[in-house]
Amino acid sequence: MTKTQPSESDCLPSMSGDWLNSIPLSRRNAWRAGRSCRQLETDNATMVPLSHQVIPEVNWRTWVLLGGRGSGKTFAGARWINTLARESGRTLALVGPALHDVREVMVEGPSGIKALAGPDRPRWEAGRKRLVWSNGTVAYAFSAEDPDSLRGPQFHAGWADEFCAWRNPETVLSNLRFGLRLGALPRLMVTTTPRPMPALRRLLAQGGTVISSGATQTNASHLSPGFLAHLNDLYGGTRLAAQELMGLIVETDGALFRAQDLAQARGARPASLDRIVVAVDPPASAHGDACGIVVVGRKDGRAYVLADRTVRGRSPDGWARVVAAVAQEFKAAQVMAEANQGGEMVRTLLAQAGCGAAVKLVHARHGKRVRAEPVAALYEQGRVVHCGDFPALEEEMMALGSDAGGPSPDRADALVWAISGLMLNGREGPRIRRL
């Protein structure tokens, strides 16, 4: 008997004929091979998630996933909601820029909740704007255009999509959070392509927030062939590419570190280096702030960024032991530690942790922006090379000096100390002479 290929209307009658072109390439080919829509949904539900799509194991209240276009943010959000829906009787919130976005992207999109649900596929009740599972779990749809619609309802968890596209993000988010009051641990997931906006920076700085990030490139196998190459030809090295493809927060005006300079800084580590240092930006408190740890080497008038080993949530003894281990791993000649936070205590902690490298305490006599300006000039001159991918570090660099607020740039501070110590405090590098 001849097998009949499923039609697009058989797969998803409520969506337009463009549906087939919108699904990932691997499943589009499967459709052409005669696999049914239900089989495609099963494929979607059993896909192995990328690293940035994995639900964090640490204790968190808010999970923020920053990602480039097509990086799989919707897949991650839909997967999380379906995980929650396995427990009966839950009440969930789905918030998008508009109700149309909630239904067409978050609920019925090719990587949406229904496509990833597996055998227990929920039904959409358009009149009540909700998604209902057979076990009684319900997810209600809300538009960010109507913040007051979130007053009154209460939820076990919520998924907020494209936060940076909302008109009044902080008002909507606060109303949603007041409704997260059911169950032992109400949680919120926020998925968005980032923009340099104060609301996002304040969200990232809030306690109990875990941040993941993913570039479009990581999901390339599920995108149309040539998509990334074409966009990189058009926008590669620009702030737009850093924001829309790499999922980084970049500043548009007055930024010290430019996306094009960072894109051109990629390179290989030389066979040998004249000197290697580990720079440390100690946390301001002993209760879980990040400790910036960056490794930089020097060779022939260039600085080579070798590693970003920044840690968060460690005790003073914990981060000191990490620094000691990193210094030993890279055979660093020196550990440079900012002394404004802790002074000689930092040296004592490193000694107790068994740090074998010499420790130099450096003091911040100027603001972060002033200290970073000569380092940014080295990047413009092409005299700094990144020997690896450091998205979190580069995001902080592009935000350094901004007045928008947000988390402390611990990684970027450590980088500035390291490069300054290697390139600007001796004979190497440009000097600034006061006239």
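Criteria and cut-off values
Residues numbered from 1 in each chain as written. Predicted model: local features only at pLDDT ≥ 70, side-chain atom pairs only at ≥ 80, totals over all residues. Heavy atoms only, no water. pLDDT = per-residue confidence, 0-100. Contact = heavy atoms within 4.5 Å. Helix = DSSP H or I, 4+ residues; strand = E, 2+ residues; numbered from the N terminus. Polar contact = N/O pair within 3.5 Å; in protein donor to acceptor, adjacent residues only side chain to side chain. Pairing = 2+ DSSP bridges. Axes fitted to C-alpha atoms, helices over the stretch in contact; angles between N-to-C directions. Buried < 20%, exposed > 50% of the residue type's maximum accessible area, 1.4 Å probe, protein only.

*Asks:* Any chance you could explain the confidence of the model for the protein here in plain terms?
*Replies:* In low-pLDDT regions, the fine details of the predicted coordinates are not to be read closely. Per-residue confidence for the protein averages 82 on the pLDDT scale, and 81% of its residues sit at or above 70. The model gives residues 30-37 a pLDDT under 50, and that stretch makes 19 contacts with residues more than four places away or in other chains. The low-confidence segment residues 427-435, where pLDDT is below 50, has 13 contacts with residues more than four positions distant or belonging to other chains.

*Asks:* Would you explain the side chain of T193 in this entry?
*Replies:* Along the chain, the position of T193 falls in the loop between β7 (187-192) and α8 (198-205). Polar contacts involving the side chain of T193 include one to the side chain of K73, which spans 3.2 Å. Beyond its immediate chain neighbours, meaning those up to four positions away, T193 contacts G67, G68, R69, K73, E162, C164, Q243 and E244.

*Asks:* When you look at the sheet that holds strand β4 (residues 130-132) in this model, what are you seeing that I'm missing?
*Replies:* Pairing between the strands of a sheet comes from backbone hydrogen bonds, and it takes one of two forms, parallel or antiparallel. With mixed pairing, eight strands are arranged side by side in an open sheet as β3-β4-β5-β2-β6-β7-β1-β8. The open sheet has two edge strands with one neighbour each: β3 (123-125) and β8 (209-214). On average, each strand axis in the sheet is tilted by 20° relative to the strand beside it, whichever way the strands run. Taken together, the three bridges between β3 and β4 define a ladder with antiparallel strand orientation. Looking at β4, one finds that W124 is bridged to L131.

*Asks:* Sorry if this is basic, but what is going on with the sheet that holds strand β9 (residues 275-281) here?
*Replies:* With respect to topology, six strands assemble into an open sheet ordered β13-β12-β9-β10-β11-β14, the strand pairing being mixed. In this open sheet, the two strands that pair with only one neighbour each are β13 (358-362) and β14 (384-386). Here the average twist between neighbouring strands, direction ignored, is 25°.

*Asks:* Sorry, what's going on with the pairing of strand β6 (residues 157-161) here?
*Replies:* Both faces of the sheet carry side chains from a regular strand, because those side chains alternate between them. Of all the five residues making up β6, five are buried; the element is thus mostly covered by neighbouring parts of the structure. Across the two faces of β6 the burial is the same, with A157, W159 and D161 and G158 and A160 all buried. Examined bridge by bridge, β6 and β7 share five bridges and lie parallel to one another. Of the residues in β7, the one forming a bridge with W159 is M189.

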